[in-house]
Every structure is written in structure tokens, then in C-alpha cells.
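Chain by chain, the residues:
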Amino acid sequence: MSTVSKTVLDSPMVSTMVIGAAGAATGVVLARNFPGTFATFPPLWSISPAGNGAVCGLVVGCVGWNLRTLCRVLSLKVLLKYRGWMYSPRSRITKVWLYLVDKVMGKGPYSLFEFQSVLPPLPVPDLAATCTKYLDVARPLLSPEEYDRTEEALRLLQEKEGKPLQKYLIRRSWKNRSWLIEWWIENIYLKNREPLPENSNYYFLDGLELQASCQLSRAATIIYNLLKFRELVSSEKLQGVFFQTRVPMCMDGYRYLFGTCRIPCVEKDYLVTDHHTKHIVIIRKGCYFSMDVYTYDEGTLQQLSPAEIKEQLRIICEIADAQDSNGLANSLASITSQHRTVWAKQRQVMLESEQNAESLEIIETAITVMSLDTVSPQDLSEQAKLVMMGDGTNRWYDKSMTIVVFPNGKAGATVEHSFMDATIFSRAWEYVLSHEQYKNGQVPPEQCAWWRKLAPPKQLQWNLNGFAAALEGAKTHIQKTIQDIDLVVVGSDYGKGWIKQQRVSPDSFLQMALQLAYYRLHEETPKTYESATTRMFALGRTETIRSVSDHSVKWVKSMDREDVSPGDKVSLLKKAIQYQTDYKVAAVNGRGVDRHLLGLYLAAQDMGYPLPQFFNTKAWKMRDKLSTSQAPAKFTREWKLQTCTVGYGFGPSHMEGYSVSYMVIGEDLVNFHICTRKHCTATMSEKMGAAIKQAMTDMKALMEGK
């Protein structure tokens, strides 16, 4: 039997029909052989007893199938609440649980959103547990006096001030699928007024090997693969993501990959998503073009082939390259890089022109935006910065994603963060990169369909009278920011293969390398942020892993001391690694402290209560000087080392701090993307990169006993 046939027969609708038909057939047989069986049933539309039996059998079959589905849903809801598998993966209970999950879920294939309704809600952590755990988080970062004040404030929070707020969170969790998600999106993103490119957005780079050096061939193929991925999402045929291959994760973020844009408003932005849009927008030398990527062929709407897309892109470049590159509209995209309230007010004025309103709507509803840049990066660090920031005039920072392709064929994407974490885009990007196909670096000619008459790309028109000062100010602002960004990509000398041989968590090991590097540069312990996914819960996003501990502080201080033996250093390192690993497991299970404390803070605002004393302490107000993140590089069997993304990054959350994103690539490489601000003379990305490499070298020597 073909795969397609099997998929069709395994679908719920067909299964219902089969069961219903079987029930109907049974009813007919009973009616024929036992004429009195259905004599007591009232006549249905004056049909024969055999027909009556068939109808009743069909009803019984359908009810039976629905009961089976209901039992499956209820069983999974109960099973997925179990968390012991993360703490005791080899216990007998966990083995029984895994067996039951396998049997209830079935063999698949599963649709993209199949398990959304059975995911457990994000828990509200115990208030006492949060207060106790936060003391462990704060102790290494505070002086004894500050710690005492924090301890007293947390005692008040636990015993008095926090009790009504905790009850409010619990009631909120009863009424909503997630007690946190609406607050999180509004307060962390939509109400945040800071500019997007350096404060919120993130970027991804392309693969290790250059797939094609022709800009238009690369761009056309990326567009084609993105549309194929969009088709899988919209049809829900894309396989869901599973934690440890078995526990389903929330797929809600996939709804916002395409046709989505963040719209600026004076106080709070909002999101628009058009699931039916059929065009993309191309930026070239400050010119904007709407390009249809579907066409009707014999009455059927079909996606353009890579060759057709390439030809449309060639037309766009021909038009744009012939125009004046110094016009007012050429710096238009810089307007999206500003303080959100400033941009919101300017947008309101722009919308007074029908021409502007039409062009903005085309951009905001486009499937995606692509920039065909005119300057090629020479190395990974330059590529990362160009993808992230551009030149200030060629990135529409509000769009869910802007794909960037350079003249030398290198590529990347900058992504708006509000509704989509890096783990969502990373999977789409894996699909795009792993499905590229070229012939001698060009779009294969056999994919061409020249006989189809395509609508030419449409250049967007603008009425920018009176906007010269605003555009000049926006351009000056973003270019000053670009000059201030210091971004370096550094590769390791070894990867997770060697780390796993030491029987420690690669992520925890790398976090300790960052701690050692920072301490050697600054002789202090930084408040450190690391993101952990909470997508095992309905509408889950992230929780914070607090990697700093008493153990990590003791270890980093011991590393360069000759009076501490290598054995003691190894012991301290393993304790620090274990603490971080345990905290990570708790965070993934919704048992961190940061989101809970944020919830208590926002609950006080909602209820009109005075803020608890804790929220005025230094411990709460401290900013993260070291903001870190890791995104998985591999999601499916289609992953290839040659096409795997070389990493991603984002701007520092603290003007005097670092952002360090790292990606484990295969068994032998970790790429660190390090970003700082040049105006801060205390931080330098290149020095941090060198310190990380040296830390990893020293840690390897320590573990090997050299």
C-alpha cells in the first residue's frame, strides 16, 4: 500500500466512515436474519427494517468512534501531567508511563496541532518554594547586607504580601489555558517601547557550506522552500515537535510564521496575521515590490517554480537598479527601527495618504519580506551583523521575518520576537536549508515553466511629502546604533561529543565556560539569564535558568588558584554543572522563579494592590549582564551537517553587558555569537570570544587531568 493511501485510510474521518459502515452492515445483517430486532424502533423516514438497522448501526459506529476519541483525549490529558520521567527516567513508573503514552498516542503520523488540546496548563509554582529558591539565586550576587534585606522581603512576600496575589494567579490559571501568556506577550513585547532591531529581534544565519553563489538562484530557492513549509503548516501536515521524541510540545507559534506583522501603537503594539495572503515583498536598493508567488494554471492555484521566482526577481533587480538610489523612499525601512511610540505616531500620519495606506498594508500582510542586499559579507561576524541590522534601510523590522540574501549567495533572516521564539523559526529554517537543490549553482532549468503567463511584480508607491525630517532622523538613529553594535562569531575547538564523554550536560558545561570567561575579564559574578523552553505546556514560551550558584562562584574563583588541587577544581565544577542541570529541569517543568515572580508583580497591578517590598529590592531590579540562549540545530532526519545553520544571535539586554547565543553543530563544533555595545569600554566581544575559547581549553585540560 502506498504511503498516501495509508495516510488517507488512517485519517479520523475515514476511520469514522469505516466504523460507521461496519455498524450499518451489522445492522442490515441483524435486520435480515432477525426481523424482530428493530421492530420496536420508530420508523425512520418510512424506510424498511433493514434500512432502520443500517441507520442505527451507523449511529452506533459514529458514537463509538467519538467515545474512543474522547477517551484518548482524556487519557492523554492525565498522562501528560506526569513529570516524573524527567526526574526518574529509568524508574518502573516511568517505563509504565511511556508504554501507556505510546499506546494511547498511536503510531502516527500526527497532524501539527493534534495534541494542542491535551497539553497540560502551565503550573503556578508554590509560593514558599519560589521564595526559597530565589534566595539560592540571589545569594551569590549580593552583599551580606543586601541579602539580608532580600531575605526579609521574601519572608514578607511568603507569609503576608504574596498570599492574595498567589490566590489570584491560581484563579487565573483556572480560567485560562495559560495564566501567563497574555501578560507575557503584552508586558515583555507589545508594551515595550524600545526599538526592535537591537532590543527584541533575533537573527539566523545559513549553513556551513555555500549552496549557490548566484544571489537570485539562492533567493528563489529559499522563497520556494519557505512556501512549501508554509503549505505544510497551513494543511497541518507538518509533524509536531516532541520532547525526547515522545512528549508533544506546543505548536501555537507556527500560526505566526507567515503573513504576520507587529503594528506600532502609541501605548501598546498589536499583531496582524493574514493566513490567505499570496504575495511577498522584495526590498532592493530602497525600492519595494509586491510579487505574487502563486498563479492560476488550468483553474488551479499553484505555487511558482524556483525558475519562475528567479525570473520575477531578475525583473525587480532590473527595475530597482535603474532607479535613483538617493530618493526619500530609499530610507523608508529605517522608520521601523525607532522607539515604538515615535514610529506609531509617524505611521498614523502616513496612513492619511491612500497611497501610503495601500503600500503599508501590502507589506504588513505579505507572506514574508526579502531583502536582496548589494554588499557581501566577508566572514561570519560581518554576516551576522549585516543580517541582524542591515544598513538601516533594508530591513522591515516589524515583519515576522525578513529573509536576507547577499550578492555572494550567503543568506540569513531577522525575526520579530513577540509571538515566535527561536525554536519555532529554527525548524522552518532547517527545512529551507536542507531542501535546497541546485545544478551548477543555479536553479535547475527543468523546473522552469515558461509557458505560464505571470503578473509582473508591482512596485509600491509612496507619498512622503513632509516626511524628510522624520526619515532623516530615523536613518541617523539606526545607523548610529549599527555603528555601536560589536558582534563577533567564535567557533570552539571541540564540541558536545567530547563533553558527553565526560558524562555531563553539554549545555551546563558551556554555561560554566561563560561564567569562567566573564569572571576572568571582569573579576565579578554576573547576573545571568539563560532561556529554557516551556513548550511542554499549553501556550508555553520560556522560563529563565539561573546558572549562577554558590558552586559556580567557588569554582570560577578556584580555577586560577594554585593552592586548589585539580581534583578539588573538578569536584567544584561538577557540583556547579549539576546545580545548573537541576535548575534547568525545574525551569522546563514550569518550576523556575522568574515567571512566577513576574506573575505576582502583575497580579498586584491588576488587583490595585501596593507592590510587595521585594519588588523594590536590588535583587529584583538587577539587570542581566550576561544574557545567554541556546537553540537546537536539529529537528528532523532531514538535517544535514553541511546545510545546518551556523547559529543565531540577538542584542545585549544590558547596555553594559553581553548577549551570548550558542549553537551546538554536530559533535565537534559550538558557535558562539557574542554581541556588546562599543560605547561601553568595559565590554568587548572579541575579548569575550577569546576568553570563552580559553575557558573551554582550560576546562578540557582540567577534566583530562593534564
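Throughout this document, residue positions are counted from 1 along each chain, in the order its sequence is written. With pLDDT at 70 or above as the cut-off, local features in this predicted model cover only qualifying residues; side-chain atom pairs require 80 or more to be listed or tallied, and sums for whole chains, interfaces and linings still use all residues. Excluding hydrogens and water, the side-chain values take into account all heavy atoms of the structure.

Enquirer: Describe the sheet that holds strand E20 (residues 669–677), naming the residues involved and giving the relevant values.
Expert: Overall, mixed pairing links the 6 strands, which are arranged E14-E20-E19-E17-E15-E16 in an open sheet. Each edge of the open sheet carries a strand with a single partner, namely strand E14 (485–491) and strand E16 (542–545). Direction aside, the axes of adjacent strands within the sheet are offset by 20° on average. By the convention used here, strands pair only if DSSP detects at least 2 bridges between them. Here a helix means four or more residues in a row that DSSP labels H or I, a strand means two or more in a row labelled E, and each is numbered from the N terminus. In terms of strand pairing, strand E15 (residues 528–533) meets E16 through 4 bridges, oriented antiparallel. Bridging across to E16, Thr533 finds its partner in Thr542. For every element, the axis is a line fit to its C-alpha atoms; helices are fit only across the contacting stretch, and the angle between N-to-C directions ranges from 0 to 180 degrees.

Enquirer: Can you explain the nonpolar core? Please cite residues and give values.
Expert: Think of a nonpolar core as a cluster: buried Ala, Val, Leu, Ile, Met, Phe, Trp, Tyr and Cys residues, connected wherever their side-chain atoms sit within 4.5 Å. In this scheme, a residue with accessible area under 20% of its type's maximum is buried, one over 50% is exposed, and one in between is partly exposed, where area comes from a 1.4 Å probe on protein chains only. If you look at the biggest cluster of nonpolar residues, it comprises 115 residues, and the most contacted ones within it are Ile223, Tyr254, Leu257 and Leu313. Considering each element in turn, this core owes the most residues, 9 residues, to helix H11 (residues 215–234). For Leu257, the contacting residues outside a window of four places in its chain are Phe229, Ile367, Ser400, Met401, Met420, Ile424, Phe425 and Ala428. Formed by 38 residues, the second largest nonpolar core is a distinct cluster that contains Trp498, Val504, Val556 and Met703. By definition, residues are in contact when any of their heavy atoms lie within 4.5 Å.

Enquirer: How would you explain a nonpolar patch on the surface if you had to name every residue and give the values?
Expert: On the surface, Leu67, Leu70 and Leu74 cluster together to form a nonpolar patch covering roughly 280 Å² of accessible area. Considering the arrangement of structural elements, one finds Leu74 in helix H3 (residues 49–79). Assessed through its relative accessible area of 47%, Leu74 is described here as partly exposed. Exposure above 30% relative accessible area and the lack of any salt bridge qualify a residue for a patch; like charges then connect within 9 Å, and the nonpolar side chains Val, Leu, Ile, Met, Phe, Trp and Tyr within 5 Å. Surface accessibility follows the Shrake-Rupley procedure with a 1.4 Å probe radius. Residue values consider only the protein chains on display as shielding. Every case where a carboxyl oxygen of Asp or Glu lies within 4 Å of a side-chain nitrogen of Lys or Arg is listed as a salt bridge.

Enquirer: Any details on the sheet that holds strand E13 (residues 458–459)? Residues and values, ideally.
Expert: Here we have 8 strands laid out as an open sheet, ordered E13-E7-E6-E10-E11-E12-E1-E18, and mixed in their pairing. Looking at which strands have only one partner, the edges of the open sheet turn out to be E13 and strand E18 (648–650). In terms of strand pairing, strand E6 (residues 279–284) meets strand E7 (residues 287–292) through 6 bridges, oriented antiparallel. The residue bridging Arg284 from the neighbouring strand is Cys287, located in E7. Across the sheet, helix H12 (residues 306–321) is in contact with E6, E7, strand E10 (369–372) and E13; its angle to E7 comes to roughly 155°. Strand contacts of helix H14 (residues 354–365): E6, E7, E10 and E13, with the helix running at about 110° to E6, the strand carrying the most contacts.

Enquirer: Residue-level account of the pairing of E6, with values.
Expert: Here E6 lies mainly inside the structure; 6 of its 6 residues are buried. Of the two faces of E6, the one holding His279, Val281 and Ile283 and the one holding Ile280, Ile282 and Arg284 are both buried throughout. Here E6 folds back onto E7, and the loop between the two strands holds 2 residues, one of which, Lys285, carries a positive phi near 50°. Pairing geometry for E6 and E10, over 3 bridges, is parallel. In the sheet register, Ile283 faces E10, and the bridge partner there is Ser371.

Enquirer: Which residues make up the packing of helix H19 (residues 506–522) against helix H21 (residues 566–588), and what values do they have?
Expert: The N-to-C vectors of H19 and H21 enclose an angle of 120°; their axes lie 9 Å apart at closest approach. Relative to H21, the element H19 lies oblique. Crossing of H19 against H21: the hand is right-handed. On H21, the residues touching Asp507, Ser508, Phe509, Gln511 and Met512 of H19 are Leu573, Ala576, Ile577, Gln580, Thr581 and Lys584. Polar here means any residue outside two lists: the nonpolar Ala, Val, Leu, Ile, Met, Phe, Trp, Tyr, Cys and Pro, and the charged Asp, Glu, Lys and Arg; Gly therefore counts as polar. Taken together, the residues that form the contact of H19 with H21 break down as 5 nonpolar, 4 polar and 2 charged. Any angle between 65 and 115 degrees counts as roughly perpendicular, while under 35 counts as roughly parallel, over 145 as roughly antiparallel, and the rest as oblique. In this scheme the crossing of two helices becomes right-handed for a clockwise turn of the near helix relative to the far one and left-handed for an anticlockwise turn of less than a right angle.

Enquirer: Can you explain the side chain of Arg427? Please cite residues and give values.
Expert: In this structure, Arg427 sits in helix H16 (residues 422–434). Asp and Glu are treated as the negative residues and Lys and Arg as the positive ones, with His and the ends of the chain left uncounted. One buried charged residue, Arg427, forms no salt bridge at all, with the nearest opposite charge on Glu430 at 5.9 Å. Contacts of Arg427, omitting those with residues within four sequence positions, involve Phe229, Leu238, Gln239, Gly240, Val241, Tyr254, Phe635 and Thr636.

Enquirer: Outline the confidence of the model for the protein, listing residues and values.
Expert: Known as pLDDT, the predictor's per-residue confidence is scaled from 0 to 100. Mean pLDDT over the protein stands at 90; residues scoring 70 or higher make up 90%. Throughout residues 1–42 the model reports pLDDT below 50, and contacts reaching past four residues in sequence, or to other chains, amount to 40 contacts.

Enquirer: Please set out the packing of H19 against helix H24 (residues 685–703) residue by residue, giving values where relevant.
Expert: Two numbers describe a pair of packed helices, the interaxial angle and the distance between the axes. Where H19 contacts H24, the axes come no closer than 8 Å and their chain directions differ by 120°. Looking at the two axes, H19 sits oblique to H24. Viewed along their axes, H19 and H24 form a crossing whose handedness is right-handed. Along its contact with H19, which presents Phe509, Leu510, Met512, Ala513, Leu514, Leu516, Ala517, Tyr518, Arg520 and Leu521, the element H24 presents Lys687, Met688, Ala691, Ile692, Gln694, Ala695, Met696, Asp698, Met699 and Met703. Grouping the constituent residues of the contact of H19 with H24 by class yields 16 nonpolar, 1 polar and 3 charged.

Enquirer: Pulling in residues and values, what's your account of the environment of Val241?
Expert: If you trace the backbone, Val241 turns up in the loop between H11 and strand E2 (242–243). When its relative accessible area of 12% is taken as the criterion, Val241 is described as buried. Along the backbone, Val241 and Leu112 are 129 residues apart, and their C-alpha atoms lie at a distance of 8.3 Å. Residues in contact with Val241, not counting those within four places in the same chain, are Val247, Pro248, Met249, Met251, Tyr254, Arg427, Arg535 and Phe635.

Enquirer: Report on the pattern of salt bridges, specifying residues and quantitative values.
Expert: Per the counting criterion, the structure on display carries 38 salt bridges. For Asp136, the salt bridge goes to Arg139, with nearest N and O atoms at 3.3 Å. Accessibility expressed as a relative area gives 30% for Asp136, which makes it partly exposed. Relative accessible area serves as the criterion here: at 32%, Arg139 is assigned to the partly exposed category. Across the salt bridge formed by Arg595 and Glu543, the nearest N and O atoms sit 3.8 Å from each other. On the criterion of sequence distance, the pair formed by Arg595 in helix H22 (residues 594–607) and Glu543 in strand E16 is long-range, its members being 52 residues apart.

Enquirer: Describe helix H15 (residues 380–389), with residues and values.
Expert: Most of H15 sits inside the fold, with 8 of its 10 residues counted as buried. Residues Ser381, Gln383, Ala384, Lys385, Leu386, Val387, Met388 and Met389 constitute the buried set of H15. Structurally, the start of H15 carries an N-cap: the backbone nitrogen of Ser381 is 3.2 Å from a side-chain oxygen of Asp379. With its phi angle positive at about 65°, Gly390 sits one or two positions after the end of H15. For this analysis, a polar contact is any N or O atom pair within 3.5 Å, provided that within protein one partner can donate a hydrogen and the other can accept it, and provided that sequence-adjacent residues contribute only side-chain to side-chain pairs.

Enquirer: Let's hear about unusual backbone geometry: which residues, and what values?
Expert: Along the chain, Gly108 connects to Pro109 via a cis peptide bond; the corresponding omega equals 5°. Its place among the elements puts Pro109 in the loop between helix H5 (92–105) and helix H6 (127–138). Unusually for a residue other than glycine, Lys285 sits at a positive phi of about 50°. Here Lys285 lies in the loop between E6 and E7. The class of Lys285 is partly exposed, set by a relative accessible area of 36%.

Enquirer: So what about the packing of aromatic side chains? Which residues, and what values?
Expert: Pairing of aromatic rings covers Phe, Tyr and Trp, the last through its six-membered ring, and needs centres within 6.5 Å; plane angles under 30 degrees mean stacked, over 60 mean edge-to-face, and all others mean tilted. Here the structure, examined in full by the defined rule, presents 29 aromatic pairs. Geometrically, the ring pair formed by Trp85 and Trp97 is stacked, given 5.9 Å between the ring centres and 5° between the ring planes. With a gap of 12 residues between them, Trp85 in helix H4 (residues 84–87) and Trp97 in helix H5 connect regions that are remote in the sequence. Seen from their ring centres, Tyr134 and Phe614 are 5.1 Å apart, and the 90° between their planes marks the pair as edge-to-face. Note that Tyr134 is positioned in helix H6 and Phe614 in the loop between H22 and helix H23 (618–621), a separation of 480 residues in sequence.

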